[in-house]
Structures are given as C-alpha cells and as structure tokens.
Amino acid sequence: MEPPEGTSSDYEFLSPMGYGNSSSCGYCGARGATRSRRFSYYATAKSLSPQFYQTLLDRSWRRSGTLLQFKPSRDQRQAINRFNRYVLGESYIKEAARVYPRSRDETRKRDNEFKLTERVHEAEYANLKKPPEPAHKLAVTLEDDGFTEEKYEVYDNYQKVVHKEAPQDRTPRAFKRFLCNSPLRRQTMVAPDGSRRRLGSYHQCYRIDGDLVAIGILDLLPDCVSSVYFLYHESIHKYAPGKLGALFEIALATEGAYRWWYPGFYIHSCPKMRYKIDYSPQYILDPEALSWDPLDKEILGMLDRKPFVSLSLERQAAAKNRGNSLDDEDGMDSDMPGIPSLAEMEEVDLDHIALKVFPRGPLFETSDLVGWDTKKITDWPSIKASVAELVAALGPDVVGRICLDSSPRE
C-alpha cells in the first residue's frame, strides 16, 4: 500500500478504537460463563511501514512465537517427500534417475542430510531437469496481496469446507477485508552486503498444472516472515498443505535472510493452535518484559497449570522469595501486561502528535484540537483519553512516529 498522498511517508497512520471484550473466537470457539472474559485493545491502520509493524509484532500486537535454526521433524520431512513424489510421479523419478544419475557422494549426502531449502523446491517445475516431463507442474510464486477471482475461489472453498462458514460470511468483500490490500507499505530493503529483499504484505501462491490450490498470506518484515493465514483447496487436503505451507515459509525466511518465522499468537488452551509447537526450536514472547524465552517443557508445564505465564515475573517472584510462583490472582487480571501505568502516561508529551484530518493538505497537531488543553488523560469520554490509551498500547517511545488519521476514505 502506498503512503497517503500529500503526506510524509515517515509517519505511521493509525486511529484509536479502544478496548473491547470478545465473546467468541474462530479458533477457540465461544467462551462460556465459567471462562474469563478476553479483553483486547484495537486500533485501525491505514498505512504502516514494515519496520514499524515489526516493532508492533514484538510488542504482542499481532503475533508471538518464532523459530530459528529450524530442524524438520520426521513427520515434516515425510510430508515434503510425499508431496514431491505426487508432483513428480513415479515415471519421472525413475527416468530422471536413469538420465541424470547422482554420484555416490551425492546419493549418500541426500540419504543422510535433509536440507529444507533444497527439498521444498525440489519438485518445482522451474527447477527440474527435462526431459522427461513430471506428472504435474508445480509453481510457487510470491505475488502482490491484491484481490483476484482465482484467489477468492480458493478462499471460498477453504472457508466452506474447513471452517464451515455460511455463504454470507465468505463473500468477496470479506476476503478483501480479511486478507487483501493490507496497510503495510511495500519497500525494498538493502542489506549491508548489498542483497535486496522485499518488505510488505504478499500472497505466496501455489499452483499445480496452472490451477491455484493454496495461498499463504505473509507479511515480510525486516527481521521476520510473519504468517498471517494459510488457505488451500480441498483437492490437496491429503497432502497436509498446512504443514507444507509452514515449511515453505520457513525456507523463505532462511533464503531471504529474514532470520525468523512468526507463526502468530499461541493460545495453549486452544487445540487448533497446538500445531504451532511442532516446529522447533521455538521462542515465545514474554507479555510483560517483551523478551523472548525458549518454548520448552518448563513453559509448557506452566501453561498447563495457569492461563497467564510471564517468566520475567516468575523470576522476580523467586528473587523476592514470594513463594513458588505467581498466579492469576496476583493482581494481573486488572492490568494488561506491558501497558504503562497512569503515572507513567502523565509524563508523556501527547500535545505534538501529528493529526491528519483531510485526505489531502497539511497535518495538524493534537494540541490544535478544540478543548485539548482543558482535558486530562483520565477524562472519559474525551479525545485526549482515547489518544493516551492508544499511545500506552503502542508504547510511549513511538509517539513521534505516529499520525492519528481521522480523514475520510476517498
């Protein structure tokens, strides 16, 4: 997405929405009366740089959990090999082995070493030695995140078959809103060694014999490939497409020097999210300290016992001899982790935040608003209180980088 016309691309354009309570989740289902309410802070974004969004991700805004030095499990290796055999076909495999025989060293290395970045591309048509021709032609491409009918047909099938959505919930408009035309601005990043990599939102498209069969919705950021969503057509369900998509994305993070793969939020009590811990080694974001800790048996054991876990708080408790551990009755149920206190927010300069009122034209400052100086950040409802809430959720250190965008859409 290009920056708004007539304004500086140095700003990050957002609008505050506020805290909300969700009673249901597409993955975890409805929350009954016996389960605690789930509060989240919401903001709308019209245009963000990949660098700023990377900062938000690392502050629990969208996703948590990363992978480094990925080691495919036996099940994951089998999934790739099984899919490659389907694409290539037995006839191609036998004939190619005869026409293009591997040396003894190459065979030994292949049998004893599984290199992910080689295996995931092994069956792509552009990488094959020909003749002979494979049973199917596989193409994997990274494309803009715009809407097409071809993409919508895969989305419609996936939402219908996998999530059992009604027709009125899986419309082209829903697809556009959910997975197309993100607020991230596309950029090209040049590394110190001169290599270039794309930043922004993209669709990784998988085609077999020219037909689109799967799409990975990705945010390519300075330090990670962030997985937003993955969808596929029911015709390839038996080849574990979700697992294949994750492996292709991890390979992209490695090949493109993005370093990390972010699979998103992890909710331990949600069975549909358990697949995320199958990829290791993995780290999870501490919601209080905003630091990364290995997602090991210790943390998983804590998550089995309690709904909120912060290793930094556990360590503080141990250091102060406050008992074995903290639990969710320790006052945390009234405070969102990582949010500055009221006293800390009263010290933040909120008077000079950029303000966009018109689609084109000059920017203003929050202090230009009528009645701004007469209000405190505790005066609800008021614009000042709403702005303070947004800044607290984003982090006071980014106050000079944001622009509050209240302009009408053109």
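Everything quoted here is computed from the prediction, not taken from an experiment.

Parameters at a glance
- Residues numbered from 1 in each chain as written.
- Predicted model: local features only at pLDDT ≥ 70, side-chain atom pairs only at ≥ 80, totals over all residues.
- Heavy atoms only, no water.
- Helix = DSSP H or I, 4+ residues; strand = E, 2+ residues; numbered from the N terminus.
- Buried < 20%, exposed > 50% of the residue type's maximum accessible area, 1.4 Å probe, protein only.
- Areas by Shrake-Rupley, 256 points an atom, 1.4 Å probe, with all protein chains shown as cover.
- Expected span 1.5 Å × (residues − 1).
- Arc of directions from axis to C-beta.
- Contact = heavy atoms within 4.5 Å.
- pLDDT = per-residue confidence, 0-100.
- Phe/Tyr/Trp six-rings, centres within 6.5 Å; stacked < 30°, edge-to-face > 60°.
- Core = buried A, V, L, I, M, F, W, Y, C linked by side-chain atoms within 4.5 Å.
- Axes fitted to C-alpha atoms, helices over the stretch in contact; angles between N-to-C directions.
- Parallel < 35°, antiparallel > 145°, perpendicular 65-115°, else oblique.
- Nonpolar A, V, L, I, M, F, W, Y, C, P; charged D, E, K, R; others polar.

Caption draft 1: Region of interest: the overall build of the protein chain. Across its full length, the protein chain holds 12 helices and 14 strands. A burial count over the protein chain gives 42% of its 410 residues as buried. Within the structure as shown, the protein chain displays about 22300 Å² of accessible surface, and the carbon and sulfur contribution to it stands at 50%.

Caption draft 2: Spotlight on helix α2 (residues 74-88). Compared with an ideal rise of 1.5 Å per residue, which puts 15 residues at 21 Å, α2 spans 21 Å between its outermost C-alpha atoms and is within 8% of the ideal. Regarding α2, the residues found buried are Gln76, Ala79, Ile80, Phe83, Asn84, Val87 and Leu88. Burial along α2 is one-sided: seen end-on, the buried residues are contained in an arc of 150°. Here the buried face of α2 lies against α3 (90-99), α5 (116-119), β4 (138-144), β6 (196-208) and α8 (241-255). Immediately downstream of α2, the backbone of Gly89 shows phi near 85°, a positive value.

Caption draft 3: Just the confidence of the model for the protein chain, in detail. Chain-level statistics for the protein chain give a pLDDT mean of 84 and a share of 85% at 70 or above. Low pLDDT, under 50, characterises residues 63-69; the stretch is placed with 44 contacts to residues that sit more than four places away or in other chains. Here residues 322-334 is modelled with pLDDT under 50, and outside its nearest four sequence neighbours on either side it reaches 16 contacts, counting other chains as well.

Caption draft 4: Highlighting the side chain of Glu249. Following the sequence through the fold, Glu249 ends up in helix α8. A residue is classified by how much of its surface remains accessible, and Glu249, at 1% relative accessible area, is buried. Apart from residues no more than four positions distant in its own chain, Glu249 is found in contact with Gln204, Gly216, Leu218, Val225, Ser227, Phe230 and Trp261.

Caption draft 5: Focus on the packing of aromatic side chains. The final tally for this structure, using the stated rule, is 19 aromatic pairs. Summarising the aromatic geometry, the rings of Tyr152 and Phe175 are spaced 6.4 Å apart at their centres and angled 45° between planes, so their arrangement reads as tilted. Residue Tyr152 is located in helix α6 (residues 149-161), and its partner Phe175 is located in helix α7 (residues 172-179); the two are separated by 23 residues in the primary sequence. Ring centres 6.5 Å apart and planes at 65° place the aromatic pair Phe358 and Phe364 in the edge-to-face group. Here the aromatic residues Tyr158, Phe178, Tyr206, Tyr229, Phe230, Tyr232 and Phe248 are joined through ring pairs into a cluster of three or more.

Caption draft 6: Broad picture of helix α12 (residues 383-394). In this model, α12 (12 residues) spans 17 Å end to end at C-alpha, consistent with the 16 Å of a helix rising 1.5 Å per residue. Of the residues making up α12, those classed as buried are Lys384, Ala385, Ser386, Val387, Ala388, Glu389, Leu390, Val391, Ala392, Ala393 and Leu394. Of the residues trailing α12, Gly395 is marked for its positive phi of about 120°.

Caption draft 7: Examining the environment of Ser269 more closely. Structurally, the position occupied by Ser269 is in the loop between β9 (260-262) and β10 (282-285). Classification of Ser269 by relative accessible area gives exposed; the value is 56%. Counting along the chain gives 37 residues from Ser269 to Lys306, while the straight-line C-alpha distance between them is 9.8 Å.

Caption draft 8: The arrangement of the nonpolar core in detail. In this structure, Leu116, Val225 and Leu231 are the most contacted members of the largest nonpolar core, which totals 52 residues. Counting residues per element, this core draws most heavily on α8, at eight residues. The contacts of Val225, once residues within four sequence positions are left out, are Leu218, Asp219, Leu220, Glu249, Leu252, Ala253, Tyr258, Trp260, Trp261 and Tyr262. Listed in part, the 30 residues of the second largest apolar core include Leu57, Leu221, Leu394 and Leu404.

Caption draft 9: Region of the structure containing the packing of α6 against α7. Axis separation between α6 and α7 bottoms out at 10 Å; the angle between their running directions is 95°. On the basis of their axis angle, the class for α6 and α7 is roughly perpendicular. Along its contact with α6, which presents Lys151, Tyr152 and Tyr155, the element α7 presents Pro172, Ala174, Phe175, Phe178 and Leu179. The residue inventory of the contact of α6 with α7, partitioned by class, reads seven nonpolar, no polar and one charged.

Caption draft 10: Unusual backbone geometry, seen in detail. The residue after Lys130, namely Pro131, is reached through a cis peptide bond having omega -5°. When you line up the elements, Pro131 lands in the loop between α5 and β4. Here the amide bond leading from Ser280 into Pro281 is cis, since omega sits at 0°, within 30 degrees of zero. In this fold, Pro281 is placed in the loop between β9 and β10. A positive phi angle, close to 50°, is found at Asn181, a residue other than glycine. Residue position: Asn181 is located in the loop between α7 and β5 (187-190). Its identity as a non-glycine residue notwithstanding, Asp209 has a phi of 55°, on the positive side. Mapped onto the elements, Asp209 comes out in the loop between β6 and β7 (211-221).

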